[in-house]
Amino acid sequence: MPMTIQAFILMDKNGVIIGRVDPIQLTPKIQGKFSPTTEFSKYKPIFSELEHAANNMLLSHADEIEKKIDAMDFYATRDDQPEKKLKFKRLQIMGGDAIFEPQQVLHDKLIQ
């Protein structure tokens, strides 16, 4: 039976789905292909600003933007466990990919 890594659903602090991450890496950070929903459009400008700052080596500006994004309280759930909230920090969405650092240990099975 092939192994499948469960997708993560990204949510804003109000529980609105902003996108899906199909992970290719789970440790130490979760990283994967990002598929946005239409609701992501209201957050796209800040992630575009972060990408611009990172690409232009404006590191102190990128740090400030990351702090703003962290303060937005995004979280993730999984397809198979929508009731469990995964808190994370340092969310970056750039070039069709997303990466974030879980703030708690992932105890349950991520791979089936």
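Conventions and cut-offs
- Every chain's residues receive numbers from 1 upward, in the order its sequence appears when written.
- Local features are withheld for residues below a pLDDT of 70 in this predicted model, meaning they are given only at 70 or higher, and side-chain atom pairs are given and counted only at 80 or more; totals for whole chains, interfaces and linings count all residues.
- Calculation of side-chain values draws on the structure's entire complement of heavy atoms; hydrogens and water are dropped beforehand.
- For the purposes of this entry, the term helix denotes a DSSP run of H or I that reaches at least four residues, the term strand denotes a run of E that reaches at least two, and both are numbered from the N terminus.
- Throughout, a residue-residue contact means that at least one pair of heavy atoms, one from each residue, lies within 4.5 Å.
- Accessible surface area values rest on a Shrake-Rupley calculation with a 1.4 Å probe, where residue burial reflects the displayed protein chains alone.
- Only Phe, Tyr and Trp rings are paired, with Trp represented by its six-membered ring, and only when their centres lie within 6.5 Å; those with planes under 30 degrees apart are stacked, over 60 edge-to-face, the remainder tilted.
- Exposure classes here rest on a 1.4 Å probe applied to the protein chains alone. A residue is buried below 20% of its type maximum, exposed above 50%, and partly exposed in between.
- Criterion for a charge above a ring: Arg CZ or Lys NZ at most 6 Å from the ring centre, at most 35 degrees from the ring normal.
- At least two DSSP bridges between two strands are needed for those strands to be called paired.

Asks: Even after reading the chapter, I still don't get the overall build of the protein chain, so can you show me in this structure?
Replies: Tallying secondary structure elements over the protein chain gives 2 helices and 6 strands in all. Reading the protein chain from its N end, one meets helices and strands in the order β-β-β-α-α-β-β-β. In the protein chain, of all internal contacts separated by at least 6 residues, the share reaching a separation of at least 24 is 47%. Looking at the protein chain as shown, the accessible area adds up to about 6,900 Å², and 54% of this sits on carbon and sulfur atoms.

Asks: How do you make sense of the packing of aromatic side chains when you look at a structure like this?
Replies: A ring pair, where both rings are aromatic, is described by two values, the distance of the centres and the angle of the planes. Counting across every chain of the model gives 6 aromatic pairs. The interplanar angle of 50° and the centroid separation of 6.1 Å between the aromatic rings of Phe-47 and Phe-74 together place this pair among those described as tilted. With Phe-47 in helix H1 (residues 44–55) and Phe-74 in the loop between helix H2 (59–71) and strand S4 (75–78), the pair connects residues that are 27 residues apart, well separated along the chain. For Phe-47, a relative accessible area of 1% translates into the label buried. Among the residues examined, Phe-74 registers a relative accessible area of 5% and is labelled buried. Among the aromatic residues, those joined into a cluster by ring pairs are Phe-34, Phe-40, Tyr-43, Phe-47 and Phe-74. For the cation-ring pair, Lys-85 lies above Tyr-75, with the distance from its terminal atom to the ring centre recorded as 4.8 Å.

Asks: When you look at the pairing of strand S3 (residues 30–36) in this model, what are you seeing that I'm missing?
Replies: As a general feature of sheets, a regular strand has side chains that alternate between the two faces. Sheet analysis places strand S2 (residues 17–25) next to S3, joined by 6 bridges and oriented antiparallel. By the bridge assignment for S3, Gln-25 is matched with Gln-31. When S3 meets strand S6 (residues 97–102), the two strands line up antiparallel, connected through 4 bridges. Across the sheet, the residue bridging to Ile-30 is Phe-100, located in S6.

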